[in-house]
Amino acid sequence: MPEREAITLDAAAVPSEADVARPLSLWLDRRRLLIGAAVIAGLVAPLVVANFTIFQLTMVMIYGLAILGLNLLTGFNGQFSLGHSAFYGIGAYTAAILMSGSADLPYYWTLPCAGAVCFIVGIAIGLPALRLQGLYLALATFALAVALPQLLKSHLLEEMTGGVQGIVIDKPDPPAGLPINADQWLYYFTLAVLLVMFAAAAGLVRSRTGRAIMAIRDHPIAAAAMGINTARYKTLTFGVSALYTGIAGALGAIVVQFVAPDSFNFLLSVNFLVGLIVGGISSIPGSLFGGVFVLFVPNIAEKVSTGLSGAVYGVILLLLIFLMPSGAAGFVRRAAAWLARLRRASNSELPIGRSTR
Amino acid sequence: MEQLLQQVVAGLATGAIYATMALAVVMVYQAIDHLNFAQGELATFSTFLAWQMIEWGWSYWAAFALTVAISFVIGVAIDRVLFRPVRNAPILSQLVAFIALFSILNSSDGEIWNFTIKSFPSPFGTKPLFGSGLISTHQAGMVAVTLVMLALLYVFFRGSRLGLAMRAAAANPEAARLVGIRVGWMIALGWGLSTAIGAVAGILIAPVVFLDPNMMLGVLLYGFAGAVLGGLSSPGGAVLGGFAVGIIENLAGTFIPFVGQELKLTVALIVIVAVLMVRPAGIFGRVGVSRV
């Protein structure tokens, strides 16, 4: 099939960043294979590691989900946010209040509630955000991140939020009859939510809506000229992004079994941002790598040197940015493209007749 | 009325801190087109250097001058070593470099000088000005130094060839390069200048808020807010914005009944965001026009 080959080469010659390696059907299959392998590894992992590691892995998935939310907004829609700690916190508090108070909702029902609350708050923030860009938007969302812990602590809401004390919630039991402990059950529960949410995000990004969202990022004026309602999509993206991060927050509250105002401060937003960038901007699997980074690297830094842990953390960050300026996902993409080129180079050494057939 | 006046003056006094920092923020923004999130930590580091020199028995002004000079060199070096290699990386990756720098400096400060709070001398004294009790001589001196610094910078950027070259390099790097401006060095110079301004800010602020590795964290955030409120493209606006943030914060804390001290930062930020709704590029900022 000479034509097909030509198309493939053309597409590879003009790397459109996200698609450098995708035209190779071989790589596509390999990608599915990789996802399958990762899911299987995810299913087996809690059966072989210690309980504390299970807890850590669960937190990795939760942070990954929160970072995915930020990614939808920043990576795919180009809107900057330092306020995602607030959405995470609102999600966490929604879950905690619903589980502990008179409502006494089962934990799984708190996720859609947290998602809905955060979606509405996200839309409410997204509307004024339409007026702002870049650093000005960063400041507005930063205001949100600063305001939330103070609001949670304030005496106006103290009755509901427990003030500085926060809220303690019970660890949900695994369904009767399953031969696993509570940590393992929470792990599987989180994994299931994660898979659904990641698949939904992948679907969204590939859809017509997703293309509109990305067109707004790449060139808002051109997007508007093509008939995309930029205001509507930008606001909606804000809402969906908040929904993702809010659900992550609710899961986080259930897994940690405790919420307190100061755990949802501005530094959490910075962590999400670092995770997003290290994992790879506008890469869906990259978000999960971001979760790994956010959870484990500070611990590693702490182990290297207690006094200078911040410095070690900073140096690791700098090294990562020097080595992989477009994050882990960008690194993998480039490595794949490089491998493909190598393969093509070795192919072209064969008789010409074979490579054009 | 008496109370209102008092709160406004007190707001001006804290606003002076924010204004100094806002000015430093805008300077680096003009030079490198990014906010420097590590600016506060750089200023803290410089202040520690000055503190160390004074501890060694140097005179205040010798320590001041040498610290500002060293800070300038540090700023240039950071640009050359850390930021030049990532200049072509995505903006967000550069942001991570700032966060890394922040983390490294903060942690090193704590390791070298530990986390105990240190007092810092003031060259202006700390007696109340005119005996009124509204504002201390140090705070008045701080306002004066900030305004002098602003005037000097204005002259430098408007009047000197180097200042013009720096503005050109920030406004349009390619065109600047075509007319023979060494853009890379202009950016490094901008870094040096902003780190030096940060050092001055840190040394002025330290007698009021006391010196410790986290001294600048809150101050930088307010300075950032002031800069954005005034408009990132306007140094004068940033200084006014800094003062405004100080006053808004104080008035909100005193006069809005349910706010009190615990919510005053929130209210200040909400006011700022509300202003931005009306003037999305800050009060004195120029609205950027881009060609399609």
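Only a predicted model underlies this, so the values are computations on that prediction, with no experimental measurement involved.

### A word on the overall build of chain A
Within chain A, the secondary structure is distributed over 16 helices and two strands. Residue pairs at least 24 apart in sequence account for 76% of intrachain contacts in chain A once pairs closer than 6 positions are excluded.

### Focus on the overall build of chain B
Scanning chain B from N- to C-terminus turns up eleven helices and zero strands. Moving toward the C terminus, one meets the helices and strands of chain B in the order α-α-α-α-α-α-α-α-α-α-α. The C-alpha atoms of chain B give 19 Å as radius of gyration, which agrees with the globular expectation for 292 residues (19 Å, within 12%). Taking the principal axes of the C-alpha coordinates as reference, chain B spans close to 60 × 50 × 35 Å. Here chain B holds 292 residues, and 49% of them are scored as buried.

### A look at helix H2 (residues 39-55) of chain B
Residues and elements named next belong to chain B. Here H2 contains 17 residues, and its C-alpha end-to-end distance of 24 Å stays within 8% of the 24 Å for a straight helix at 1.5 Å per residue. Across the 17 residues that make up H2, a large majority, 13, are buried. Just past H2, the residue Gly57 takes up positive phi, approximately 95°.

### Quick notes on the environment of Val297(A)
Residues and elements named next belong to chain A. Relative to the helices and strands, Val297 resides in helix H13 (residues 284-304). Separated by 163 residues in sequence, Val297 and Gly134 place their C-alpha atoms 28 Å apart. If near-sequence neighbours (up to four positions away) are discounted, Val297 is found in contact with Tyr313 and Ile316.

### Side note on the confidence of the model for chain A
Any residue range with low pLDDT should be treated as having predicted coordinates unsuitable for detailed reading. Residue and element names in this part refer to chain A. On average, residues of chain A carry a pLDDT of 84, and 89% of them reach 70 or more. When mean pLDDT is compared element by element in chain A, helix H11 (residues 230-256) scores highest at 95, while helix H1 (residues 2-13) scores lowest at 41. Of the regions scoring below 50 in pLDDT, residues 1-19 engages in nine contacts with residues more than four places distant in sequence or in other chains. Of the regions scoring below 50 in pLDDT, residues 353-357 engages in five contacts with residues more than four places distant in sequence or in other chains.

### Regarding unusual backbone geometry
One non-glycine residue, Gln257(A), lies in the positive phi region at around 65°. When you line up the elements, Gln257(A) lands in the loop between H11 and strand S2 (258-259). Classification of Gln257(A) as partly exposed rests on a count of 15 C-beta atoms within 10 Å. Its identity is not glycine, yet Phe210(B) carries a phi of approximately 70°, on the positive side. Along the chain, the position of Phe210(B) falls in the loop between helix H8 (183-209) and helix H9 (215-230).

### Some remarks on the environment of Leu232(B)
If you trace the backbone, Leu232(B) turns up in the loop between H9 and helix H10 (235-255). Residues Leu232(B) and Gln30(B), spaced 202 residues apart in sequence, show a C-alpha to C-alpha distance of 7.9 Å. Sequence-distant contacts of Leu232(B), that is, excluding residues within four places in its chain, are made with Leu135(A), Val26(B), Tyr29(B), Ala227(B), Gly282(B) and Gly285(B).

### A look at the interface of chain A and chain B
Contact with chain A, which involves 35 residues of that partner, is made by 36 residues of chain B. Partitioning the side of chain A that touches chain B into residue classes produces 26 nonpolar, seven polar and two charged.

The rules behind the values
- Along each chain, residues carry numbers from 1 onward, in the same order as the chain's sequence is written.
- Following the order in which they are written, the chains are lettered starting with A and the ligands numbered starting with 1.
- Note on the predicted model: pLDDT of at least 70 is required for a residue's local features to be given, and 80 or more for side-chain atom pairs to be given and counted; whole-chain, interface and lining totals, by contrast, use all residues.
- Only DSSP runs of H or I with at least four residues qualify as helices, and only runs of E with at least two residues qualify as strands; both kinds are numbered from the N terminus onward.
- The contact criterion used is a C-beta to C-beta distance within 7 Å, with each C-beta placed from the backbone.
- Only C-alpha atoms enter the radius of gyration; for comparison, a globular chain is expected to reach 2.2 Å times N to the power 0.38, where N is the number of residues.
- Around each residue's C-beta, the other C-beta atoms within 10 Å are counted; 20 or more make the residue buried, 12 or fewer make it exposed, and counts in between make it partly exposed. All C-beta atoms are placed from the backbone.
- Each helix should span, by expectation, one fewer than its residue count multiplied by 1.5 Å.
- Summary of the metric used: pLDDT quantifies the predictor's per-residue confidence within the range 0 to 100.
- Asp, Glu, Lys and Arg are counted as charged, while Ala, Val, Leu, Ile, Met, Phe, Trp, Tyr, Cys and Pro are counted as nonpolar; the rest, among them Gly, fall into the polar class.

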